[in-house]
Protein chains: 2
Amino acid sequence: MDLKEYQKCSRIARGLEKAELVLKNAKIVNVFTREIIEGDIAITDGIIAGIGRFQGNTEKDLSGKYVCPGFIDSHLHLESTLVTPAELVTVASRHGTTTFIVDPHESANVSGLAGIDYILDQTADVKANVFVMMPSCVPATAIDDNGCMLTAEDMAPYLEEKRILGLGEVMDYLSVVNGDELMHRKLELFSDKIRDGHAPFLSEEDLQAYAMAGISTDHECSTFDYAMMERRNGMTVHIREGSAARNLEAIVGGLVSRHMDGEGFCFCTDDKHIEDIEREGHIDHNVRKSIALGMDPVSAIRMATIQAANCYGLKGLGAVAPGYQADLVVFEDLKSIHVEEVYHKGCLIDQNEEIVIKKCPDELKNTVRTGTFSKEDLRLESSDGMFHVLKMEAGQITTKMETLRQSDGACEFYADDCYQKIAVVERHKATGKVGVGVVKGFGIRGGAIASSVSHDSHNLIVIGDNDEDMELAVQELIRTQGGYTIVADHRVFDTLELPVMGLMSDAGFRYSNTKLKTMIEKAHSMGVPEGIAPFITLSFMALPVIPEVRVTPRGIYDVVKGEFYQF
Amino acid sequence: MDLKEYQKCSRIARGLEKAELVLKNAKIVNVFTREIIEGDIAITDGIIAGIGRFQGNTEKDLSGKYVCPGFIDSHLHLESTLVTPAELVTVASRHGTTTFIVDPHESANVSGLAGIDYILDQTADVKANVFVMMPSCVPATAIDDNGCMLTAEDMAPYLEEKRILGLGEVMDYLSVVNGDELMHRKLELFSDKIRDGHAPFLSEEDLQAYAMAGISTDHECSTFDYAMMERRNGMTVHIREGSAARNLEAIVGGLVSRHMDGEGFCFCTDDKHIEDIEREGHIDHNVRKSIALGMDPVSAIRMATIQAANCYGLKGLGAVAPGYQADLVVFEDLKSIHVEEVYHKGCLIDQNEEIVIKKCPDELKNTVRTGTFSKEDLRLESSDGMFHVLKMEAGQITTKMETLRQSDGACEFYADDCYQKIAVVERHKATGKVGVGVVKGFGIRGGAIASSVSHDSHNLIVIGDNDEDMELAVQELIRTQGGYTIVADHRVFDTLELPVMGLMSDAGFRYSNTKLKTMIEKAHSMGVPEGIAPFITLSFMALPVIPEVRVTPRGIYDVVKGEFYQF
């Protein structure tokens, strides 16, 4: 705040002047001392001017209510929610999340700096604090076929942007630990800022080398033991509870059983579908779930607030204290934390306000460019009748590698109840590359499911039990320039169009949600088991940085060995 | 570290290359997880490359020994130790303190920027990490008579200096909370850095306004309740255990009784005499004392290490973990923490190495410039026979205000066993100002004690029971251009010369300590009670920002009311 604002706030703090707004008689969660303090919160110009007893031009009685700081999502990809950025932020803010640390990794992989500018622009005037991490791995790895490449030199001008907090999740850990010069130029560029990690299942030795490069966070941690290994290296663990990856129970369960207070841990959603946000909440869900697992409520709130603010050096956020921004969550019960009201900069968030969708530049709406493609590209043969299988597991985005010999020893793969076909079609530079493999655990019968959202390169990914339906699904996504689609019995069942970079809908989240709900039900009715989110889990199957095995436009990739399988 | 260094460290971490030095089989205190981890510490180029099992060109077995991070003194004034900066740092480093956050407030008050440059220069190549806070209040208040004035404009060029961490303790809280423009220009200048506080006994309202100005630490806290009030505002409390002010028992006692782990607290010495450092230790003493009070050893170590590093944003300091600087303390027992070995940047500190004293610029060695001065200036009369008394208290640098009417109702003050005279003589600009008052609790009989160290303006301060001896003491300090002196029975008993800005000796600490020991004994034999450090406690009696009453060259000052007393 400037001097005039300070002088005013100081006078209010000292009882010499009335505040604009006073929230009276609240039970205030002090995240510094872990106390619950009964008192008034004086607010002026969006800032908390004092805690104690105050008079205000407007006064609102909060007797019986708790007030805690607005929640912080330490790491998320706005694109993954399928709606435009402002919609996601608005919907999540109604659940108490007032600060979002977003990594426009998906947009950047499709449209480069224009994609990042889109995210910055769309979130410039939302009723929340949106910070941006500069995507570090565009493309994610050297074997990716994505839309753009970002170098340290491309990123340098963004250092001046106040909302850029640092370097986004560094996925390519081999380039890090091997001291690759291009990677380290990016790390060096952000050496005074935060460098986020992405480090699932590294060995202890590799993790030490990785942390030593200055990478200080990770959100890919799915076991408590691994979380402790990261903590030993001084890393902050972002406990992820998204639509597909749900790590909270394992990690918070470990904290609770060890009587640890969650220091060094924050919450994130990473990739959470707006439908799930509406159903179960956003970071408030993480807080509630932690409390249900036995964590002390104030510790859970601290992970959702001040600890995240400290992790990212966000001064003035994450606490209900003088000088802090008046981002507040009001609720009645400290166990259930049912969010009743949310304030951003001292203004009550209207739970029913209509969301205006900002226009997207045309260049970002026509991004699906495949080579010639037909079902011939989906043929899958093995000279010895052996097939490498990508085995999906419920509740996980990791996969296991298996091998398959079909009972009749056939060299051409055919689908059955257990095994189906998975393919990825390059869609940025019309290279014509198509990778095909076998998948287990997805269970689809009588059709195909396809998506233009497929991390991190966002090529077209499709799973099906017959080549005709798979071809149709891909053609449908080319027609709509991106989306989710389901083909059943040789007809398009339905398509959710995602024309913004092939990642997001600009038709409004109600439209998307309604459509998606039907489509998800349909997918499950076609055999996709509970525990597998038909589109979101699918969207990770091309991501060559998550173990153990993936499919890319270049073929089946062994993540552990770092090599492609030959059939 | 640069890329080449990183590549080397990474190879060591991954077991592909030998480390320079491996400390084997240590019990390593992990300040992140609070675990004690048995293993080796691999060190190369002064950096910890890995924790685990390693081979090194040099290996040293630490079986049975604990290793924790080097200690951090979060706030100190090097000048207050009376010796040159490098000596203090060297002596304290032998006790395990490897990082010093110094505020050259005293040097700046005498010699301005030249004084700050002196501290930076003298500590540029010591075997420790020395960071500097830019003195914020030079002079400390508008009523001070010091040597220089520093404005925000004077400070601006120092923003570029990597060792400048922020703005030093902001004492003039009224200028802060009243929104004084000159003060806020300084606060604004350091808004991206740390702004240290100095906020004893503010009301809750004032403290909120003070914290709201972005001031995030305080080391003046002497009660647990006040510490909690600061914590509620998000401030970090530096628990001070110096030569005169000893706040550790009160604060750590409170933490222990409330089962709190010390989060948000660090340790500092503020002003600690080298004699006391040699006798009881430095920050290691704070750690030991906290453990003796019942604090968990790892929590105490955390306050001395990572919590201080986090408070000041010191990346790579405060932990024994990969990528951290190899500043280490070795000890055998986790309760007694008797420091056996100290490493700085991976090199063992030689406990017996001779300390070379760097030359001081001549301009900083002739700084005592008084006006004409004689004992006539020490006359003290009151028209109504009432005298305001500055009452000193054992173990405190705060004072109480009392009034005195002499038993015979005399209008001219005379000393007795209970009351003596205190005077401060301006010595920077030869203004001739002399303030005289009555002191209780110092107890000196048969002479005078004087010092050119008198916070924060460092004029000449003297207490005595007769004007002749007081005059002689002042004349002696003019002759030596600064020092501590004792006059007994009309003769100089002894003088410790402090020619460097009137604050420091350049004769070596052994010389100073020997002399000081005799002088302190003499002072106590003349009546100064235990619990009053004859020179250090004296040196605070002119500091007009510590309640309740002080003496300055302008007279007796009521700190609480902010006004001078008239006799």
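Quick caveat: nothing in here was measured; it's all calculated off a predicted structure.

Draft legend 1. Quick peek at the overall build of chain A. When you go through chain A residue by residue, the secondary structure sums to 17 helices and 27 strands. In summary, chain A has a C-alpha radius of gyration of 24 Å against a globular reference of 24 Å for 567 residues, a match within 12%. Reported as C-alpha extents along the three principal axes, the dimensions of chain A are approximately 85 × 50 × 45 Å. The 567 residues of chain A split such that 66% are buried. Contacts spanning at least 24 positions in sequence make up 68% of the contacts within chain A whose residues lie at least 6 apart. When the accessible area of chain A is evaluated, it comes to approximately 18,900 Å², of which 48% is carbon and sulfur surface.

Draft legend 2. Molecular detail of the sheet that holds strand β10 (residues 194-197) of chain A. All names here are of chain A. Read from one edge of the open sheet, eight strands run β6-β7-β8-β9-β10-β11-β12-β13, paired in parallel fashion. Where the open sheet ends on each side, the last strands, each with one partner, are β6 (71-76) and β13 (265-268). Direction of pairing for strand β11 (residues 217-218) relative to strand β12 (residues 236-240): parallel, over a ladder of two bridges. Its bridge partner being in β12, T217 is matched across the sheet by T236. In this fold helix α13 (residues 297-304) packs onto β6, β12 and β13, with an angle of close to 70° to the strand it touches most, β13.

Draft legend 3. Structural context of the packing of helix α10 (residues 248-257) of chain B against helix α12 (residues 283-292) of chain B. All names here are of chain B. Viewed as axis vectors pointing N to C, α10 and α12 meet at an angle of 45°, and their least axial separation amounts to 10 Å. Accordingly, the angle class assigned to the pair α10 and α12 is oblique. Considering the relative orientation of α10 and α12, their crossing is right-handed. Only N286, K289 and S290 of α12 make contact with α10, whose side of the interface consists of L248, E249 and V252. Residues of the contact of α10 with α12, tallied by class, amount to two nonpolar, two polar and two charged.

Draft legend 4. A look at the sheet that holds strand β27 (residues 563-564) of chain A. Residue and element names in this part refer to chain A. Read across the sheet, three strands follow the order β25-β26-β27 without closing on themselves; strand pairing throughout is antiparallel. Looking at strand neighbours, the two that pair on one side only are β25 (549-552) and β27, the edges of this open sheet. Both strand β26 (residues 555-558) and β27 contribute to a ladder of two bridges, which runs antiparallel. Residue Y557 lies in a different strand from β27, and its bridge partner there is F564.

Draft legend 5. Main features of the relation of the copies chain A and chain B. The operation relating chain A to chain B is a screw motion whose rotation component is 180°, with 0.0 Å of axial translation and a residual RMSD of 0.0 Å. Given the turn and translation reported, the copies of this chain are related as if by a two-fold rotation axis. Mapped onto chain B, 98% of the interface residues of chain A again fall at the interface, so both copies present the same surface.

Draft legend 6. Local environment of the packing of aromatic side chains. All names here are of chain B. This model, assessed by the stated rule, comprises twelve aromatic pairs over all chains. Taking the centre distance of 6.0 Å and the plane angle of 45° together, the rings of F201 and Y226 count as tilted. One end of the pair, F201, is in the loop between β10 (194-197) and α8 (204-212); the other, Y226, is in helix α9 (residues 224-232), with 25 residues separating them in the sequence.

Draft legend 7. Broad picture of the pattern of salt bridges. Going through the model one piece at a time under the given rule, you end up with 87 salt bridges over all chains. The salt bridge partner of A:E280 is A:R279, with a shortest N-O separation of 3.7 Å. In this structure A:E280 comes out as buried when scored by relative accessible area, which is 14%. Residue B:D261 pairs with B:R34 through a salt bridge whose shortest N-O separation is 2.9 Å. One end of the pair, B:D261, is in the loop between α10 and β13 (265-268); the other, B:R34, is in the loop between β1 (19-29) and β2 (36-44), with 227 residues separating them in the sequence. On the basis of relative accessible area, B:D261 is assigned to the partly exposed category, the value being 22%. The network of salt bridges with common partners includes A:E241, A:R246, A:K272, A:D276, A:R279, A:E280 and A:K289.

Draft legend 8. How the structure looks around the environment of A:I301. All names here are of chain A. Relative to the elements of secondary structure, I301 occurs in helix α13. According to the relative accessible area criterion, I301 is buried, its value standing at 0%. Taking the C-alpha atoms as reference points, I301 and I283, 18 residues apart in sequence, are found 9.7 Å from one another. Excluding residues that lie within four positions of it along the chain, I301 makes contacts with V29, V31, C68, P69, V287, F331, L334 and I337.

Draft legend 9. Representation of the interface of chain A and chain B. With 48 residues of chain A in contact, the opposing surface of chain B contributes 47 residues. A combined buried area of about 3,600 Å² lies between chain A and chain B, and 51% of that area is made up of carbon and sulfur atoms. Put simply, chain A and chain B have six salt bridges between them. Ionic pairing is found between A:E263 and B:R34, a salt bridge with its closest N-O pair at 3.8 Å. Where chain A meets chain B, there are 26 residue pairs in polar contact (both at pLDDT 80 or more). A per-class count over the side of chain A that touches chain B returns 19 nonpolar, 13 polar and 16 charged.

Draft legend 10. Local environment of the nonpolar core. Among the nonpolar cores identified, the biggest contains 161 residues, and A:I41, A:Y210, A:V287, A:F442 and A:Y484 are the most heavily contacted of them. With residues near it in sequence (within four places) discarded, A:Y210 still touches A:V170, A:Y173, A:V176, A:V177, A:G197, A:H198, A:A199, A:L202, A:I215, A:M235 and B:Y6.

Draft legend 11. Up close: the side chain of A:S243. Residues and elements named next belong to chain A. If you trace the backbone, S243 turns up in the loop between β12 and α10 (248-257). Side-chain polar atoms of S243 contact the side chain of D276, separated by 2.4 Å. Contacts of S243, omitting those with residues within four sequence positions, involve D271, K272, H273, D276 and I536.

Draft legend 12. Geometry of a negative patch on the surface. A surface patch of negative charge is lined by A:D2, A:E5, A:E20, A:D45, B:E188 and B:D192. By secondary structure assignment, the location of A:D45 is in the loop between β2 (36-44) and β3 (47-52). Accessibility expressed as a relative area gives 37% for A:D45, which makes it partly exposed.

Draft legend 13. How the structure looks around the state of the cysteines. Using the criterion set out here, one finds zero disulfides over all chains in the structure. Note on A:C148: no disulfide assigned, nearest cysteine sulfur contributed by A:C360 at a separation of 14 Å. Residue A:C148 is classed as partly exposed on the basis of its relative accessible area of 22%. Unpaired in terms of disulfides, B:C268 finds its nearest cysteine sulfur in B:C266, a separation of 8.7 Å.

Draft legend 14. Local environment of the environment of B:Q420. Residues and elements named next belong to chain B. Mapping Q420 onto the fold places it in strand β19 (residues 419-425). Distance from Q420 to K522, taken between C-alpha atoms, is 17 Å for residues 102 residues apart in sequence. Residues within four places of Q420 in sequence aside, it is in contact with F413, A415, G437, V438, V439, F442, G443, I444, R445, I463, G464 and D465. Within the structure, Q420 has its side chain in polar contact with the backbone oxygen of D416 (distance 2.9 Å).

Draft legend 15. Geometry of the environment of A:T151. Locating A:T151 in the fold gives a position in the loop between β8 (129-134) and α5 (152-155). Separated by 23 residues in sequence, A:T151 and A:A128 place their C-alpha atoms 30 Å apart.

About the cut-offs
Residues numbered from 1 in each chain as written. Chains lettered and ligands numbered in written order. Predicted model: local features only at pLDDT ≥ 70, side-chain atom pairs only at ≥ 80, totals over all residues. Heavy atoms only, no water. Helix = DSSP H or I, 4+ residues; strand = E, 2+ residues; numbered from the N terminus. Rg over C-alpha atoms; globule rule 2.2 N^0.38 Å. Buried < 20%, exposed > 50% of the residue type's maximum accessible area, 1.4 Å probe, protein only. Contact = heavy atoms within 4.5 Å. Areas by Shrake-Rupley, 256 points an atom, 1.4 Å probe, with all protein chains shown as cover. Pairing = 2+ DSSP bridges. Axes fitted to C-alpha atoms, helices over the stretch in contact; angles between N-to-C directions. Parallel < 35°, antiparallel > 145°, perpendicular 65-115°, else oblique. Left-handed = near helix turned anticlockwise from the far one by under 90°. Nonpolar A, V, L, I, M, F, W, Y, C, P; charged D, E, K, R; others polar. Least-squares fit on C-alpha atoms with pLDDT ≥ 70 in both. Phe/Tyr/Trp six-rings, centres within 6.5 Å; stacked < 30°, edge-to-face > 60°. Salt bridge = Lys/Arg side-chain N within 4 Å of Asp/Glu carboxyl O. Buried area = accessible area lost by both parts, 1.4 Å probe. Polar contact = N/O pair within 3.5 Å; in protein donor to acceptor, adjacent residues only side chain to side chain. Core = buried A, V, L, I, M, F, W, Y, C linked by side-chain atoms within 4.5 Å. Patch = residues over 30% accessible without salt bridge, like charges linked within 9 Å, V, L, I, M, F, W, Y side chains within 5 Å. Lys, Arg positive; Asp, Glu negative; His and termini not counted. Charge placed at Lys NZ, Arg CZ, Asp CG, Glu CD. Disulfide = S-S within 2.5 Å.

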